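# Remarks on the overall topology
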Amino acid sequence: MQIIEVTGYAVRSAVITMRRTGAPLEFVIFPMLHVASPTFYSQIRIRLKECDLIVMEGVRGNSVRVSALTLAYRFAPRRRRNGLQEQREELLLPKDVPVINPDVTATDVIADLKTLPRWTYLLLMVAAPLMGLVIALRGPRAFLDEDLVVEDLPSTLRAEMMADDPVAHALTGRRDQRLLAALGEIHAERGDEPIRVAIVYGAGHVPAIVSGLVNRCGYRAREAEWLTVLVPA
């Protein structure tokens, strides 16, 4: 199943609705990119208004080191001619829909990264800001890279190698566990209610979300809607 599609002219994200036979609750997964066109975020906001609960990504607390990592996507929108925006809660969240955040703290993120070899950790801290500068200079076309493709199961050898990347595991492992625990609680407590639960998380988390909802709770993907993330000029 495709989650993020990259072609020669656009990047698209698949909004995935998951249901369980005999249960009225629906989980609607919104695979996010931290930088996108303003239209993408406005389309997400419109759809979130139709939901009853939002489960939102967001590392809690402040850290200079975590801020350094996020420079990779905070540089690009600063060049106005790129026509891009950084993902921000005020662009996405409707005022009248409750939001929960099961994400980790900044301290947790740094602790997980420090389990990596020291040279890998230091290289990551240096590479993230440099990557942000490259994206800012290249503009939206920097996103037309097949490595940005996300699928529930790797379809190429390169994708398999990236899926096994220890850096990716350090950045997502604990966060995915926290999220899936929260979704399991929602299913256990409200599975008999006819509600729509939005999951607004980075696209890299979505394979674990889909797998977790299938294996732990018996939900299956029933619908998908493609939204355009960006179209380079």
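Keep in mind that what you see is a predicted model, and the values were worked out from it rather than measured.

### What to know about the overall build of the protein
Counting its secondary structure elements, the protein contains eight helices and 10 strands. With 233 residues in all, the protein has 46% of them scored as buried. A separation threshold of at least 6 residues defines the contact pool for the protein, and within that pool the share at least 24 residues apart is 82%. With the model as given, the accessible surface of the protein reaches about 12100 Å², and the carbon-plus-sulfur share is 54%.

### Some thoughts on helix α8 (residues 206–217)
Between its first and last C-alpha, α8 extends 16 Å over 12 residues, near the 16 Å set by a 1.5 Å rise per residue. Of the residues making up α8, those classed as buried are Val-206, Ile-209, Val-210, Gly-212, Leu-213 and Cys-217. One side of α8 holds all its buried residues, which, seen down the axis, span an arc of 165°. Packing partners of the buried residues in α8 comprise β1 (2–6), β2 (11–19), β3 (26–32), α7 (166–190) and β9 (196–202). Within two residues after α8, Gly-218 carries a phi angle of roughly 80°, on the positive side.

### Describing the packing of helix α4 (residues 106–113) against α7
Packed helices, taken two at a time, are described by the angle their axes make and the gap between the axes. Following both chains from N to C, one finds α4 and α7 inclined at 130°, their axes separated by 8 Å at the closest point. It follows from the interaxial angle that α4 and α7 lie oblique. Judged by the sense of rotation from one axis to the other, the crossing of α4 with α7 is right-handed. In contact with Asp-108, Ala-111, Asp-112 and Leu-113 of α4, α7 contributes Ala-170, Leu-171, Arg-174 and Arg-178.

### A short note on the environment of Ile-3
By the secondary structure assignment, Ile-3 is in strand β1. Sequence separation between Ile-3 and Glu-151 is 148 residues, and the spatial gap between their C-alpha atoms is 5.2 Å. In this view, Ile-3 contacts Arg-12, Ser-13, Ala-14, Ile-16, Pro-31, Val-150, Glu-151, Asp-152, Ala-203, Val-206, Pro-207 and Trp-226; residues no more than four positions away in its chain are not counted.

### Remarks on the nonpolar core
Grouped together as the largest cluster of nonpolar side chains are 52 residues, with contacts concentrated most on Phe-27 and Leu-183. Each residue touching Phe-27, except ones within four places of it in the same chain, is listed here: Ile-16, Thr-17, Met-18, Leu-183, Ile-186, His-187, Val-197, Ile-199, Leu-213 and Tyr-219. One finds Val-104, Ala-106, Leu-116 and Val-167 within the second-largest nonpolar core, a separate group that totals 13 residues.

Rules used in this analysis
- Residues numbered from 1 in each chain as written.
- Predicted model: local features only at pLDDT ≥ 70, side-chain atom pairs only at ≥ 80, totals over all residues.
- Heavy atoms only, no water.
- Helix = DSSP H or I, 4+ residues; strand = E, 2+ residues; numbered from the N terminus.
- Buried < 20%, exposed > 50% of the residue type's maximum accessible area, 1.4 Å probe, protein only.
- Contact = heavy atoms within 4.5 Å.
- Areas by Shrake-Rupley, 256 points an atom, 1.4 Å probe, with all protein chains shown as cover.
- Expected span 1.5 Å × (residues − 1).
- Arc of directions from axis to C-beta.
- Axes fitted to C-alpha atoms, helices over the stretch in contact; angles between N-to-C directions.
- Parallel < 35°, antiparallel > 145°, perpendicular 65-115°, else oblique.
- Left-handed = near helix turned anticlockwise from the far one by under 90°.
- Core = buried A, V, L, I, M, F, W, Y, C linked by side-chain atoms within 4.5 Å.

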